[in-house]
Structure formats: C-alpha cells, structure tokens
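Summary of structural features
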Amino acid sequence: SPEEQAKYPPATCADGHMVAGFGCRGAYCDDVRLRCQDTAYTPASVSWTPTSTQPVCPAGSFVSGVECSGAYCSSMRLECTQFWFVTQTSCAWTTLPFSEEGVATSFGPKYLAGVRCSGSNCDDHYFYLCNAASSIKVVGL
C-alpha cells in the first residue's frame, strides 16, 4: 500500500559522520531530523537494516541515516556505517521515551546505534546509544 512506502527520501549524514542527535516534528513525530557529527573516522562499510519498529545496527556499526515508512514513520530502516578501527562501548537503551514534536535531543558523547518506537502511532522513541572507541594503539618509536 502507499502508506508502507517511504514518504520522504532517507535522511543521511555525510561520509565519516555519525548520528549524534535526533529531532522530529509533524503529526506523531513523523518528520525526522538528524544531527550529524563529523568523527574523523574512516568508513569501512555501509549497510541498511531491514525495515522494523526496532531496527538496530550490527555490532560495531553506528547509525548514519534513517528512512521512515508506514503511517507516521511507524517503521524505520537504518543506514549503518562501520568505521575502520572503531568499536562500540558502553551501549544501552535510553529509559525515557522521546516524543517531543518540534524538539531535538543531543546524545552527548554517545552515538546512535538503534531505535525502538512504541506508543500511539509509534511516536515514543527509545534510542540505543554507544560510545565510539578507536582501537588504534599509538606506540612510541
């Protein structure tokens, strides 16, 4: 059905960027906005999750884009970027729902790795957030 098709093109970050904040506006928080942050990391691979009400990037990857589908963005698929020599650490789901239409939230030092929605028309969002840790060890010569 037309409702299941993506209403807008995906919102994506530039190469080397990760999602560091999330905002929305419109009916039931369905017009999604991303805050992208340059990381200075080098992308190794990019993939998309299947469309779901709770998509999560594969281990070691971070969200670099979001595409909504369904009525009121009730399903999403995530563009996931894996970076060379970067791992996820201290990952956890947020405990309070984000549903503030017209408001944006920043994830602080963490980056987005997954999204889960619930509530009326899926407008309450929970975020799976991780720190990004470089696994490159600098050794003195």
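As the structure is a computational prediction, the values presented were derived from the model and not from experiment.

So, about the state of the cysteines. Per the counting criterion, the structure on display carries four disulfides. The side chain of cysteine 57 participates in a disulfide bridge whose partner is cysteine 80; the two sulfur atoms lie 2.1 Å from each other. The S-S bond linking cysteine 57 to cysteine 80 shows a torsion near -85°; that makes this disulfide left-handed. With cysteine 57 in the loop between β4 (43-48) and β5 (61-69) and cysteine 80 in strand β6 (residues 75-83), this residue pair connects regions lying 23 residues apart in the sequence. The same class applies to cysteine 57 as to cysteine 80, namely buried.

Scanning the entire structure with this criterion turns up eight aromatic pairs. Where phenylalanine 22 meets phenylalanine 98, the ring centres are 5.8 Å apart and the plane angle is 85°; that geometry is what we call edge-to-face. A residue pair is termed long-range when its members are at least 10 positions apart, and phenylalanine 22 in strand β2 (residues 17-25) and phenylalanine 98 in the loop between β7 (86-93) and β8 (103-106) qualify at 76 residues. Take phenylalanine 22: its relative accessible area is 1%, and that puts it in the buried class. Ring geometry for tryptophan 93 versus tyrosine 128: centroids 5.2 Å apart, planes at 40°, classification tilted. Of this pair, tryptophan 93 sits in strand β7 while tyrosine 128 sits in strand β10 (residues 124-134), and the two are 35 residues apart along the sequence.

Another point: the pattern of salt bridges. Opposite charge on two side chains makes pairing possible when the charged atoms of those side chains draw close. Throughout the structure, instances matching the rule amount to one salt bridge. We note a salt bridge from glutamate 67 to arginine 77, for which the minimum N-O separation is 2.6 Å. Of this pair, glutamate 67 sits in strand β5 while arginine 77 sits in strand β6, placing them ten residues apart in sequence. Glutamate 67 gets classed as buried once you look at its relative accessible area, which sits at 16%.

Spatial ordering of the open sheet is given by β3-β2-β8, a layout of three strands whose pairing is antiparallel. Every other strand in the sheet has two partners, leaving β3 (31-38) and β8 as the edge strands with one partner each. The average undirected angle you get between the axes of adjacent strands in this sheet is 25°. With four bridges connecting them, β2 and β8 associate as antiparallel partners. Considered in β8, the bridge of cysteine 24 is made with valine 103.

Moving on, we get to the sheet that holds β4. Strands sit in the order β1-β5-β6-β4 across an open sheet of four strands; the sheet is antiparallel. The sheet terminates laterally at β1 (11-12) and β4, the two strands that pair on one side only. Bridging between β1 and β5 involves two bridges; their strand directions are antiparallel. Pairing of alanine 11 across the sheet is with valine 66, part of β5.

If you look at the biggest cluster of nonpolar residues, it comprises 20 residues, and the most contacted ones within it are Phe22, Met76, Leu112 and Phe127. If you list the elements that add at least two residues to this core, you get β2, β3, β5, β6, β9 (111-118) and β10. With eight residues, the next largest nonpolar core counts Ala20, Val86, Ala113 and Cys130 among its residues.

Parameters at a glance
- Residues numbered from 1 in each chain as written.
- Predicted model: local features only at pLDDT ≥ 70, side-chain atom pairs only at ≥ 80, totals over all residues.
- Heavy atoms only, no water.
- Disulfide = S-S within 2.5 Å.
- Helix = DSSP H or I, 4+ residues; strand = E, 2+ residues; numbered from the N terminus.
- Buried < 20%, exposed > 50% of the residue type's maximum accessible area, 1.4 Å probe, protein only.
- Phe/Tyr/Trp six-rings, centres within 6.5 Å; stacked < 30°, edge-to-face > 60°.
- Salt bridge = Lys/Arg side-chain N within 4 Å of Asp/Glu carboxyl O.
- Pairing = 2+ DSSP bridges.
- Axes fitted to C-alpha atoms, helices over the stretch in contact; angles between N-to-C directions.
- Core = buried A, V, L, I, M, F, W, Y, C linked by side-chain atoms within 4.5 Å.

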